[in-house]
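In case you want the letters, here they are:
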Amino acid sequence: MKNKLSIFYFLLTFGLFNSLFSQEGNNALKANEFLTMHYYTFEGNMNQEKIEEFEKLLLKIEFVSQAKVKYKSEKNMGQIVLVVKEKSISEEGDKSFSPTSIKQAILKNGLAPMEYTTGKYIQ
């Protein structure tokens, strides 16, 4: 039952944030760019001030165009939802988004990283 509830929570959160992000219009893309969704769950204690600071930190990660942190204080668990603007790699030396930067941000904030997933950005 707990597993089903976790899956339901994840799908509900996925749908909600996908809907919220698709309504924001600051994602003008060039021909070789595309958007992806990145999700990372974590455990640890947070308050509203720490959540806001954490979102600001996540927005400083290269290629991240939007960041939201969803947190359930009664479970001490949360989920990071990022919209990442990536480029098609066409030349040697082209940079790409690294999910390890999310994990590093989680660890820097004294939180424990859990599951990482990606998805399509749906407008």
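Residues numbered from 1 in each chain as written. Predicted model: local features only at pLDDT ≥ 70, side-chain atom pairs only at ≥ 80, totals over all residues. Heavy atoms only, no water.

## What to know about the nonpolar core
In summary, soluble globular proteins display a tendency toward joint burial of nonpolar side chains. Formed by 19 residues in total, the largest nonpolar core has its most connected members in Phe 42, Phe 54, Leu 58, Ile 80, Leu 82 and Ile 106. Contributions of two or more residues to this core are made by β1 (33-43), α2 (48-59), β2 (64-72), β3 (77-87) and α3 (100-108). At four residues, the largest contribution of residues to this core is made by β2. Aside from chain neighbours lying at most four places away, what touches Ile 80 is His 38, Tyr 39, Tyr 40, Phe 42, Phe 54, Leu 58, Lys 68, Val 69, Ile 102 and Ile 106. (Core = buried A, V, L, I, M, F, W, Y, C linked by side-chain atoms within 4.5 Å. Buried < 20%, exposed > 50% of the residue type's maximum accessible area, 1.4 Å probe, protein only. Helix = DSSP H or I, 4+ residues; strand = E, 2+ residues; numbered from the N terminus. Contact = heavy atoms within 4.5 Å.)

## Side note on α3
Those residues of α3 not exposed but buried are Ser 101, Ile 102, Ala 105 and Ile 106. The arc enclosing the buried residues of α3, seen along the axis, measures out at 145°, which places them on a common side. Packing partners of the buried residues in α3 comprise β1, α2, β3 and β4 (112-120). Positive phi shows up at Gly 110, right after α3, with a value of about 70°. (Arc of directions from axis to C-beta.)

## Regarding the side chain of Thr 36
With respect to the helices and strands, the residue Thr 36 is situated in strand β1. With relative accessibility at 14%, the residue Thr 36 sits in the buried group. Among the polar contacts listed, one links the side chain of Thr 36 to the side chain of Glu 86, at a separation of 2.5 Å. Those residues in contact with Thr 36, other than ones at most four positions away along the chain, are Leu 82, Val 83, Val 84, Glu 86, Gly 119 and Tyr 121. (Polar contact = N/O pair within 3.5 Å; in protein donor to acceptor, adjacent residues only side chain to side chain.)

## Structural notes on the packing of aromatic side chains
With the rule as written, the count across this model stands at three aromatic pairs. When the centroid spacing of 5.4 Å and the interplanar angle of 50° are considered together, the rings of Tyr 40 and Tyr 116 count as tilted. Here Tyr 116 lies in strand β4 and Tyr 40 lies in strand β1, a separation of 76 residues in the sequence. Given the relative accessible area of 30%, Tyr 116 is considered partly exposed. Consider the rings of Phe 42 and Phe 54, whose centres lie 6.1 Å apart with planes at 85°: the pair is edge-to-face. Placement of the pair is Phe 42 in strand β1 and Phe 54 in helix α2, with a sequence separation of 12 residues. What makes Phe 42 buried here is its relative accessible area of 0%. Ring-pair connections join several aromatic residues into one group, and the members of that group are Phe 42, Phe 54 and Tyr 71. (Phe/Tyr/Trp six-rings, centres within 6.5 Å; stacked < 30°, edge-to-face > 60°.)

No statement about biological role is implied by the geometric values presented.
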